[in-house]
Amino acid sequence: MSGAPAEELRERRKARRVSWGLPPVWVRRCVLAPGIVLLALVWMPLAVWVGLVVAGVVAWALPGRVRVLRVLFMAGLYLLWDALALVWMAVLWIASGFGWKIRSPFFALQHYRLAGLMLKSLFSAARRILRLEIEMRDANLDDITPGKPLIVVSRHAGPGDSFVIVHALINRFDREPAIVLKDTLQWDPAIDVLLNRLPTRFVSARSRRKPGEPGGAASVAELATTLDRDDALLIFPEGGNATPKRRQRRIDQLRAAGHEELASRAEAMPHVMPPHAGGVLSAMQACPDATVVMIAHTGLERLSTVADIWRDLPVDKRIIIKGWVADDVPERVEDRELWLYDWWERIDTWIDGHQDDTQDTAAVEAARQRREKLAQAANRQPDKD
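Residues numbered from 1 in each chain as written. Predicted model: local features only at pLDDT ≥ 70, side-chain atom pairs only at ≥ 80, totals over all residues. Heavy atoms only, no water.

**Q** Give a detailed account of the packing of aromatic side chains, specifying residues and quantitative values.
**A** Following the criterion strictly, the structure yields five aromatic pairs and no others. Geometrically, the ring pair formed by W324 and W350 is edge-to-face, given 6.3 Å between the ring centres and 85° between the ring planes. In this pair, W324 is assigned in strand β7 (residues 317-325) and W350 in helix α13 (residues 336-354), connecting sequence segments 26 residues apart. With relative accessibility at 6%, the residue W324 sits in the buried group. By way of ring pairs, the aromatic residues W324, W343 and W350 are connected into one cluster. We note K101 situated over the ring of W100; from NZ or CZ to the ring centre the distance is 4.7 Å. (Phe/Tyr/Trp six-rings, centres within 6.5 Å; stacked < 30°, edge-to-face > 60°. Helix = DSSP H or I, 4+ residues; strand = E, 2+ residues; numbered from the N terminus. Buried < 20%, exposed > 50% of the residue type's maximum accessible area, 1.4 Å probe, protein only. Lys NZ or Arg CZ within 6 Å of the ring centre and 35° of its normal.)

Structural data, given as structure tokens:
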């Protein structure tokens, strides 16, 4: 029997009663710890999204360049956009018989509807948060070319111009785009899954192309043969965003290949890169009934690097898209490369009259003077349309 005083015994019994209120180790390790982790995984994203929504509201309400809030909100929204698209496509994959009918016309239509809805929501947020305005000029394609497939040939400048044009094709003109893109865009999981289920060709650089893999022109021709009355093949013949270094490298390549005339004409086009004609001409030969539409746009030229995007993304932007129906296609295939350069000169001249001030005014002025000299030598005036 213990010789401890009665008061000490009462305190020990009280301490034991309190300690029994703490769960055993196995409960704490196997139940409480995982529960806290799961709770954190649920709560932390919720807390982050509340913060992003608040950031979006503040960026929308406050004037000026609230750079961090706008970028955070749009980055978070794009992440959510990707995640929702992946979940939706997983449901479609299950509904298609675990991929059995995923490429059937019905499920292709569901994927186009998904793309249209996601792009509409993305640009709706961009209008409010980034105060982005998109203006379409002379591009009422369905009134001009009803019931015919389209080959849409666009300049490439700045990130996101493919999103803008695909958004217009799906949501404004009710077309189903077939797209030719660089293979590196498959780093985005949603784009990777979505476009690999739809008519798309991802073109690899020649240095990374596997033996026996078809080149860009052959891939485009294969895609063009599948076009029907509701389709629109979208192609960017410049092959990448127009930058001064890429433009000069392409001009040097033309000269090295003996195309002095094309190189001289390319030097007179300061806003665009010389087009690679192979893909466009292959598409036209593979689908001769298609209507060719040329697209120019301005508003994204100064967003080439990460620093450009950080500096200019929050600033109010106005993207102008101009469309032409190219109804002057030469009958002779051998004349079509020069015809494409004629159109690229027209696009360059239109950009010259509709974009904001450029970063390299000296280079632009030199190109203008060269263009005027070439026009005089050919006894013609530059197209001012």
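Additional details are given in the paragraphs that follow.
**Q** Go over the sheet that holds strand β5 (residues 231-235), please, and point to the residues and values.
**A** One open sheet holds the seven strands; their spatial order is β1-β7-β6-β2-β5-β3-β4, and the pairing between them is mixed. Lying at the two open borders of the sheet, with one neighbouring strand each, are β1 (132-137) and β4 (200-203). Pairwise comparison of adjacent strand axes, ignoring direction, gives a mean angle of 20° for this sheet. As paired elements, strand β6 (residues 291-298) and β7 share six bridges and run antiparallel to each other. (Pairing = 2+ DSSP bridges. Axes fitted to C-alpha atoms, helices over the stretch in contact; angles between N-to-C directions.)

**Q** Provide a residue-level description of the side chain of D231, including the pertinent values.
**A** Relative to the elements of secondary structure, D231 occurs in strand β5. Buried D231, no salt bridge; nearest opposite-charge side chain is R175, N-O distance 7.2 Å. Within polar-contact distance, the side chain of D231 engages the backbone nitrogen of D228 at 3.0 Å. Ignoring sequence-local partners within four residues, the contact set of D231 consists of P149, L150, R175, E176 and T226. (Lys, Arg positive; Asp, Glu negative; His and termini not counted. Salt bridge = Lys/Arg side-chain N within 4 Å of Asp/Glu carboxyl O. Polar contact = N/O pair within 3.5 Å; in protein donor to acceptor, adjacent residues only side chain to side chain. Contact = heavy atoms within 4.5 Å.)

**Q** Give me the lowdown on unusual backbone geometry, citing residues and values where you can.
**A** One can expect most non-glycine residues to show negative phi and most peptide bonds to be in trans. The phi torsion at F98 lies on the positive side, around 55°, for a residue other than glycine. Take F98: it is sitting in the loop between α3 (67-95) and α4 (105-129). Not every positive phi belongs to a glycine, and D174 is a case in point at roughly 55°. You can see D174 is positioned in the loop between α6 (161-171) and β3 (176-182).

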